Amino acid sequence: MTADAAAKGIRELDPDGSIGLFSLEADPPYKRPPLSKGLWKGKPIESIWLDTQSRNVVLHLGRKIVSLDADQLLARDDQGNQFHYEKLLLATGGRPRRLAFGDQDIIYYRKLQDYRRLAAMSDSGQNFAVIGGGFIGAEIAAALAMAGKKVIFIFRKDGIGARIYPHDLSQFLNDFFQKKGVEILAGEQIGSLISRGKQRLLKTLGGCEVIADGVIAGLGIELNVELAKAAGLQLGDGISVDEHLLTSHPNIYAAGDVAEFYNPALGKRVRLEHEDNAKSMGRQAGRNMAGASEPYHYLPYFYSDLFELGYEAVGELDSRLETAADWAEPFQKGIIYYFKDQRICGVLLWNVWDKVPSARELIAQPGPFKPEDFHTGIQPGWKLAF
């Protein structure tokens, strides 16, 4: 998605320059969010394609760039072919974090091929185990349950989304999922997996046993920084870039999940793994590769759908931070504010829509803000309206 957005950005300024896009995936660029959202609600698979080719982009699919000569502006692929470039974008993203066992018996959900495999499996299978209580795990558990499957949801923390949601909201989601028919195994880790014909036997460290027709895991990603490291680029939490999305080499840019950048509104360097960042950062990188020299100061938002619940969020969401909740209806509709150093650093819009621009403005304010001024029942001041 980042590479497709970069091609769009380039074409906004340069209609004729040659563009080559290299990807390990066999499929052309596509929208990733529908893999755990819309495709499970009946959207056709044709709706996910980004039509990158229409911008006169040469796609090199199923290929891997294995080395860079940054000084000579050369890239070499896994078939021994060598390519010369003037500007290079690294949008290498990451690969799913894997368990030490299970190998091909576990679907590490991230790509279109993973959706195809799970969709085919769900045509005949009825019992599924989902490992990992973050974004992907929660969305896939909900999707499979809505498809009428029996789902056992296993995660290490004590609640769904415990890393970002306040504790009471995370615990509410445990109960909410259970009422939807999802069995919750919170505070558990998978210790082993054994194949038994077409089924899989999972054993947790707590002594639970789970038999499933399919096992899906969403355990986060490990960044693909090996190419950048070998090329001598500066690394931080990912590939470090400046405000113009340039790496430590003047002809190499980085964007998307793999890129660490400074965001003025948050006052810190961040790395974000969401669609809005992939699209906006990719486009800006493309424009700058084509000569724009524009800073990337945008604060991306992200969103999720869990059964009939949904949200948009912007900024830094961390359950370890102090929060204030302003509920119109507890756990059904409301706004949660996250605080750090007397500033608002994140806003979670729970079933509240079209407020992301206002939330960005609030995060940009210097404060000081006190959490007690943002709770339910407090008269509006800086609070966002529902």
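For the structure itself, look to the data block above.
Residues numbered from 1 in each chain as written. Predicted model: local features only at pLDDT ≥ 70, side-chain atom pairs only at ≥ 80, totals over all residues. Heavy atoms only, no water.

Undergrad: Give me the overall build of the protein chain: which residues, what numbers.
TA: Looking only at helices and strands, one finds seven helices and 26 strands in the protein chain. The C-alpha atoms of the protein chain give a radius of gyration of 22 Å, which matches the 21 Å a tight globule of 386 residues would have. Overall, the C-alpha framework of the protein chain stretches about 60 × 60 × 35 Å when taken along its three principal axes. Within the protein chain, contacts between residues separated by at least 24 positions form 58% of all contacts whose residues are at least 6 apart in sequence. Within the protein chain, the 49 negative side-chain charges are centred at a point lying 3 Å from the centre of the 45 positive side-chain charges. (Helix = DSSP H or I, 4+ residues; strand = E, 2+ residues; numbered from the N terminus. Rg over C-alpha atoms; globule rule 2.2 N^0.38 Å. Contact = heavy atoms within 4.5 Å. Lys, Arg positive; Asp, Glu negative; His and termini not counted. Charge placed at Lys NZ, Arg CZ, Asp CG, Glu CD.)

Undergrad: Any details on the environment of His84? Residues and values, ideally.
TA: Along the chain, the position of His84 falls in strand E5 (residues 82–84). The class of His84 is exposed, set by a relative accessible area of 57%. Put simply, His84 and Leu74 are 10 residues apart on the chain and 4.6 Å apart in space, counted from C-alpha to C-alpha. With residues near it in sequence (within four places) discarded, His84 still touches Gln72, Leu73 and Leu74. (Buried < 20%, exposed > 50% of the residue type's maximum accessible area, 1.4 Å probe, protein only.)

Undergrad: Outline helix H1 (residues 2–13), supporting the account with residue identities and numerical values.
TA: For H1, spanning 12 residues, the distance from its first C-alpha to its last is 17 Å, which sits close to the expected 16 Å at 1.5 Å a residue. When H1 is considered as a whole, its buried residues turn out to be Thr2, Asp4, Ala5, Ala6, Ala7, Gly9, Ile10 and Arg11. (Expected span 1.5 Å × (residues − 1).)

What is shown is where atoms sit, not what they do.
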